[in-house]
Every structure is written in structure tokens, then in C-alpha cells.
Amino acid sequence: MKFTKMHGIGNDYVYVNCFKEEIENPSELARFVSNRNFGVGSDGLILIRPSEKADFQMDMYNSDGSQAEMCGNGIRCVGKYVYDYGLTDKTQITVDTLAGIKYLDLTVEDGKVSKIRVNMGEPILKPELVPVISPEDPAVDIPIEVKGKKYNMTCVSMGNPHAVIFMDHVKDLDIEVIGPYFENHTCFPKRTNTEFVEILDRNTVNMRVWERGAGETLACGTGACATAVACVLNDKTEDKITVHLLGGDLQIEWDRETNQIYMTGPATTVFDGELLGIKQ
């Protein structure tokens, strides 16, 4: 099975061109390739498939084998892959996901995609659609108790669930200890991604993320989008911000007139490879 290793500011996935490859058990394959000792090493697996509704379809699986609705860093890499590997010559493409069709604008330099702007769609704030069990609608700055400590969170879905927690000194957070308790808290029927966010100024934030099914990752595109929405709802930043993540920066803009979220960032190809003896 041939594959390509790619990353969006450190959020890395194994990509498989399913125009050429057939994958029978993607969950099992995701667990195998994600293993950083015995597999390729990644945060998960992304399959690029034909689509009847869009130019391409993206199927995304976490490192634990669970399927996720959407991945912001992953979809930027899909845009780079399909152009760089000759699946399209268009610089404006559509990609179907479990969170709906997304619209990508590709910036090409020297024949390769260097940057991608993605229309991530509308943020979902209705608690039952996030989903989150909440006493407030929308779930903005509501209390949550985790391991005996009280926090306040704002919950947003970008096709997948997010809980945004504002705090100081996020670099000092013991995220490996606290992350799983947020992810599996009883108020999240489908578990959650959790963003721990430090406000630097009205245009800039630091963010660390505990991803559902993957643990801490170097970046999360949908999480950065959810963070931007939470920042505006809590009057902490302007509508357009730079999000500093462990792997790099993303520019996020919430167009309030159209209620669309735009994410801009890079995508990087690491290497091509082939798994021998893998039957899928």
C-alpha cells in the first residue's frame, strides 16, 4: 500500500490515495500506521476518495481508530496533495467531509501548493448539536468541574465538538493528566476536543489542544476555529486572530456578516512510502 506522510504545522497524518488503493479496514489501519514505534507514526489516517457531491472526499481516522467528522489541518493537506500529485489542476476545490462540504483556495508557488485558505463553514453553538449537556444556550462561559477543580468553558462545534478553556500560562499546563478527564467528561455525549487558550492581546492567542482520540497534538485546525469563536463570544479578541500552536501559526477569521469561519495556513509533504505485506 502506497502512502504519503504530510503535516499541517506538526499535526501529521498518513494519506492514502483511494483512487488507486482499496482500504477495507481503515480503523485497524489507522491504529497501525499511527504507532510511532511499530508503524509510520502519525496522529491518524486520512483517505482521499472520489466524491459524487464534491471534487474529493476526505475520510479521517484518529490514532485510536475512531472516525472523526473533520480535521482542519488534515483538509489543508488534502488540498495540497490533490494538486501536487496531479489529481486536479484547479486552485479552488471542494472537499466532502462528515461535517459537510468545505471550500478550499490553494496558493501555488513554483508549481506546488504552499498555503491553503479553507472556508470551514458556520460554527455550531446549539448545545445539543455540539453536543454538550449545558444549562445555558449557547454554552458560553459555563462552569465545568474536572478532577475537583472548577473551570469555565465555551462549547463550539466545527463539525466536531470543542470545549474552549481560557487560562494563563498554558505552557505550564500538565495536559497529559487533565486532558483525558475533559475528553471523557459526562457532559460530552460524544467526547470532546479541548482547547486551553491564553489571551496575549486582542489579535493573538496561545493554544494547546487535547484531541479526542489522539491526545495532545501540535496543532488542531478545527480547534483554532472554535477558539476564535469562543474568543469573540467572550469579548476577548477581535474577529480575526493569529493562533499560536505548538507546531506553528494559523490565521482564523470569523466573518460575522456571513457567519463563516476562514482558516489559513500551510501544508507540508514529508515523504512518500510503501507498506509491504499490508493487506487492506
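Model, not experiment: these values are computed from the prediction.

J.: I'd like a description of the overall build of the protein chain, backed by residues and values.
T.: Across its full length, the protein chain holds 4 helices and 18 strands. In terms of overall dimensions, the protein chain is globule-like: its C-alpha atoms have a radius of gyration of 18 Å, near the 19 Å expected for 280 residues. Overall size of the protein chain, expressed as C-alpha extent along the three principal axes, is 50 × 40 × 35 Å. When contacts within the protein chain are restricted to residue pairs at least 6 apart in sequence, long-range pairs at least 24 apart make up 62% of them. For the protein chain, the accessible surface area stands at approximately 12200 Å², while carbon and sulfur atoms represent 45% of it.

J.: An account of the layout of surface pockets is requested, with residue identities and associated values reported.
T.: Considering only enclosed or pocket space, the largest pocket measures out at about 220 Å³ in volume. In terms of lining, the largest pocket is formed by 13 residues, of which the most central are Lys2, Thr4, Asn17, Lys20 and Tyr81. Within the residue set of the lining of the largest pocket, elements represented by two or more residues are strand E1 (2-8), strand E2 (11-17) and strand E18 (268-274). Partitioned by chemical class, the residues of the lining of the largest pocket number 6 nonpolar, 3 polar and 4 charged.

J.: Can you tell me about the pairing of strand E4 (residues 56-62), naming the residues and giving the values?
T.: Looking down a regular strand, the side chains alternate between one sheet face and the other. Counted residue by residue, E4 has 6 buried out of 7 residues, so it is predominantly covered. Of the strand pairs in this sheet, strand E3 (residues 44-49) and E4 are connected by 6 bridges, and their pairing is antiparallel. Across the sheet, Ile48 pairs through a bridge with Met58, a residue of E4. Counting the residues that bridge the hairpin from E4 to strand E5 (residues 67-68) gives 4 residues, and of these Gly65 lies at a positive phi of roughly 95°.

The rules we used
- Residues numbered from 1 in each chain as written.
- Predicted model: local features only at pLDDT ≥ 70, side-chain atom pairs only at ≥ 80, totals over all residues.
- Heavy atoms only, no water.
- Helix = DSSP H or I, 4+ residues; strand = E, 2+ residues; numbered from the N terminus.
- Rg over C-alpha atoms; globule rule 2.2 N^0.38 Å.
- Contact = heavy atoms within 4.5 Å.
- Areas by Shrake-Rupley, 256 points an atom, 1.4 Å probe, with all protein chains shown as cover.
- 1 Å grid on protein atoms, 1.4 Å probe; cavity = no way out; pocket = protein on both sides within 12 Å on 5 of 7 lines; lining within 4 Å.
- Points joined across faces, edges and corners; volume = space filled by probe spheres on them.
- Nonpolar A, V, L, I, M, F, W, Y, C, P; charged D, E, K, R; others polar.
- Buried < 20%, exposed > 50% of the residue type's maximum accessible area, 1.4 Å probe, protein only.
- Pairing = 2+ DSSP bridges.

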